[in-house]
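# A structural walkthrough
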Amino acid sequence: AVVSTQSTGDIELLFCNFHHLINKFRPHQALETLIQMIKIQKDQKLKLVEQTNSKVETARSGIFTTINSLPSSLCTTVKEEMVTEDGRENVKDTSCDASSIQWEN
């Protein structure tokens, strides 16, 4: 009976020590989890930015192709109508060369 009581006390002490060690590790584990979550979010956002930039370049290329394929008589009219939403012009000259378009970022 004495051995059984001593063994029970030892097991309780081990349990308390394990519990204490696990609780000490929790803040570190939480920090590492947050770091991983932030890295994943960063990677997702960078991928989205790359996709958006790719779509913008595709759209610009399409606009250049379209403008360059217009007859000279239409170029001036089309370019004069290309303004930003706040009314600022996006085009600096009215030649029919799409490479002369000044894009505002």
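### A word on the overall build of the protein chain
Looking only at helices and strands, the protein chain has two helices and zero strands in total. The buried share of the protein chain, reckoned over its 105 residues, is 10%. Contacts in the protein chain between residues at least 24 apart in sequence constitute 30% of all its contacts with a sequence separation of at least 6. Just so you have it, the protein chain exposes about 8800 Å², and 60% of that area is on carbon and sulfur atoms.

### What to know about the pattern of salt bridges
This structure, assessed with the given rule, holds one salt bridge. In this structure, E57 engages R60 in a salt bridge whose closest nitrogen and oxygen atoms are separated by 3.8 Å. Of this pair, E57 and R60 both sit in helix α1 (residues 2-69), three residues apart, roughly one helical turn. According to the relative accessible area criterion, E57 is partly exposed, its value standing at 48%.

### Notes on a nonpolar patch on the surface
Nonpolar side chains collect at one region of the surface, where L14, F18, L21 and I22 lie side by side and expose about 430 Å² of accessible area between them. Along the chain, I22 falls in helix α1.

Rules behind the numbers
- Residues numbered from 1 in each chain as written.
- Predicted model: local features only at pLDDT ≥ 70, side-chain atom pairs only at ≥ 80, totals over all residues.
- Heavy atoms only, no water.
- Helix = DSSP H or I, 4+ residues; strand = E, 2+ residues; numbered from the N terminus.
- Buried < 20%, exposed > 50% of the residue type's maximum accessible area, 1.4 Å probe, protein only.
- Contact = heavy atoms within 4.5 Å.
- Areas by Shrake-Rupley, 256 points an atom, 1.4 Å probe, with all protein chains shown as cover.
- Salt bridge = Lys/Arg side-chain N within 4 Å of Asp/Glu carboxyl O.
- Patch = residues over 30% accessible without salt bridge, like charges linked within 9 Å, V, L, I, M, F, W, Y side chains within 5 Å.

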